[in-house]
Amino acid sequence: MEQSEIKKILEALLFITEQPIPIKSLEELFEGQVPRADLDSLLHALADEYRLKDSALEVREIAGGWQFSTRSEYGPWIRRLFKDRLTYRLSNSAMETLSIIAYKQPITRSEIEEIRGVEVTAVLDTLVERKLVRVAGRKETVGRPLLYGTTPDFLRAFGLNKLEDLPSVESLLPPATTEEPVSTQTGAEAESESEFPAALTPERQN
């Protein structure tokens, strides 16, 4: 099969699906006749083609797979068409909780509450309902409390391919200045207040 024909097949597959397609799934679809390296190369070539022709669509490697999405600047027009179907809002408390889970997962509810200083049961229920957070198992301790982690939908919502693509905590903190007074807190207290960003900014896939 010609490389150009394989690329057209990939384009059709990405166009028709609503979820990112992992390379492994594409290998299975081609029944091993197309090496993974060739698939990866063709997908990157397809992404370059859409970028070079300045299309409103783009081919992205996201949430562990490949998918078509619209460029972010056209999001407002798509939301006008579909109104509330494509968007959701999260409260500041939900964003703070989600940030903690993203950077500390797997983590228990009580550990989240210790960091935030408030009860988070309702917020966790909301994040699980919206499929941004999942139960990731149980902690091997007294009572075996549930552990929480993020989902592939979280990666998609924030435009990430993998968790390692999250910005470092240090890059999200305000720069230190020499004019600031010296803190009288202990190292543990200071770390607990600055270790996590207050919120992350989601990048919706329209």
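1. Digging into the overall build of the chain
Thought 1: Counting its secondary structure elements, the chain contains 10 helices and five strands.
Thought 2: For the chain, restricting intrachain contacts to residue pairs at least 6 apart in sequence, the fraction spanning at least 24 positions comes to 57%.
Thought 3: Put simply, the chain shows about 13100 Å² of open surface, and 52% of that area lies on carbon and sulfur atoms.

2. Comments concerning the nonpolar core
Thought 1: By size, the foremost hydrophobic cluster in this structure holds 24 residues, and its most contacted members are L98, I101, L127 and F154.
Thought 2: The greatest single-element share of this core, amounting to six residues, is contributed by helix α5 (residues 92–104).
Thought 3: Residues within four places of I101 in sequence aside, it is in contact with I107, I112, L124, L127, V133, Y148, G149 and T150.

3. Remarks on helix α1 (residues 3–16)
Thought 1: When the terminal C-alpha atoms of α1 are compared, their 20 Å separation across 14 residues agrees well with the 20 Å that a helix rising 1.5 Å per residue should span.
Thought 2: Of all the residues in α1, the buried ones are I6, K7, L10 and L14. Taken around the axis of α1, the buried residues stretch over an arc of 100°, which confines them to a single face. Away from its buried face, by an angle of more than 90 degrees, α1 presents the exposed residues K8, F15 and I16.
Thought 3: Those residues of α1 that are buried are in contact with α2 (23–29), α3 (36–52), β1 (57–62) and β2 (65–70).

4. Considering the side chain of R71
Thought 1: Here R71 lies in the loop between β2 and α4 (75–82).
Thought 2: Engagement of the side chain of R71 in a polar contact is seen with the side chain of E73, the distance being 2.5 Å.
Thought 3: Once you skip the residues sitting within four places of it in the chain, R71 turns out to touch D54, S55, A56 and E58.

5. What about the environment of L26?
Thought 1: In this fold, L26 is placed in helix α2.
Thought 2: In this structure, L26 is in contact with L10, L13, I21, L39 and L43, ignoring residues within four places of it in sequence.

6. Some points on the confidence of the model for the chain
Thought 1: For the chain, the mean per-residue pLDDT works out to 82, and 80% of the residues sit at or above 70.
Thought 2: Note that pLDDT drops below 50 for residues 178–206; the model gives that stretch 52 contacts with residues more than four away or on any other chain.

7. Examining the side chain of T97
Thought 1: Its location among the elements puts T97 in helix α5.
Thought 2: Within the structure, T97 has its side chain in polar contact with the backbone oxygen of S93 (distance 2.9 Å).
Thought 3: If near-sequence neighbours (up to four positions away) are discounted, T97 is found in contact with I112, R116, V120, V123, L124 and L127.

8. Regarding the packing of aromatic side chains
Thought 1: For the structure on display, the rule yields three aromatic pairs.
Thought 2: Their ring planes at 80° and their centres at 6.3 Å tell us that F15 and F68 sit as a pair that is edge-to-face. In this pair, F15 sits in helix α1 while F68 sits in strand β2, placing the two residues 53 residues apart along the sequence.
Thought 3: When the centroid spacing of 5.1 Å and the interplanar angle of 75° are considered together, the rings of Y50 and F68 count as edge-to-face. Of the two residues, Y50 is situated in helix α3 and F68 in strand β2; the sequence distance between them amounts to 18 residues.
Thought 4: In this structure F68 comes out as buried when scored by relative accessible area, which is 12%.
Thought 5: In this structure an aromatic cluster arises from ring pairing among F15, Y50 and F68.
Thought 6: Of note, K53 hangs over the ring of Y50, and the distance from its end group to the ring centre comes to 4.2 Å.
Thought 7: Of note, R80 hangs over the ring of W77, and the distance from its end group to the ring centre comes to 4.4 Å.

About the criteria used
Positions within a chain are numbered from 1, following the residues in the order the chain's sequence is written. Only residues with pLDDT of at least 70 get local features here, since the model is predicted, and only at 80 or more are side-chain atom pairs given and counted; chain-wide, interface and lining totals rely on the full set of residues. Only heavy atoms go into the side-chain values, all of them from the structure, while hydrogens and water stay out. Secondary structure counts use DSSP, requiring at least four H or I residues in a row for a helix and at least two E residues in a row for a strand, with both numbered from the N terminus. By definition, residues are in contact when any of their heavy atoms lie within 4.5 Å. The protein chains shown are the only cover counted for residues, whose accessible areas, like all others here, come from Shrake-Rupley with a 1.4 Å probe. By convention a nonpolar core is built from buried Ala, Val, Leu, Ile, Met, Phe, Trp, Tyr and Cys residues, the set being connected through side-chain atoms within 4.5 Å. Relative accessible area decides the class of each residue, using a 1.4 Å probe on protein chains only: under 20% of the type maximum gives buried, over 50% gives exposed, and in between gives partly exposed. What a helix should span is 1.5 Å times the count of its residues minus one. In this description, the arc belongs to the directions extending from the helix axis to the C-beta atoms. Here a polar contact is recorded for every N or O atom pair within 3.5 Å, except that within protein the pair must consist of a potential hydrogen donor and a potential acceptor, and residues adjacent in sequence are included only if both atoms are side-chain atoms. For every residue, the predictor assigns a confidence score, pLDDT, that lies between 0 and 100. A pair of Phe, Tyr and Trp rings is counted when the ring centres sit within 6.5 Å of each other, with Trp represented by its six-membered ring. The angle between the planes then sorts it: under 30 degrees is stacked, over 60 is edge-to-face, the rest tilted. Criterion for a charge above a ring: Arg CZ or Lys NZ at most 6 Å from the ring centre, at most 35 degrees from the ring normal.

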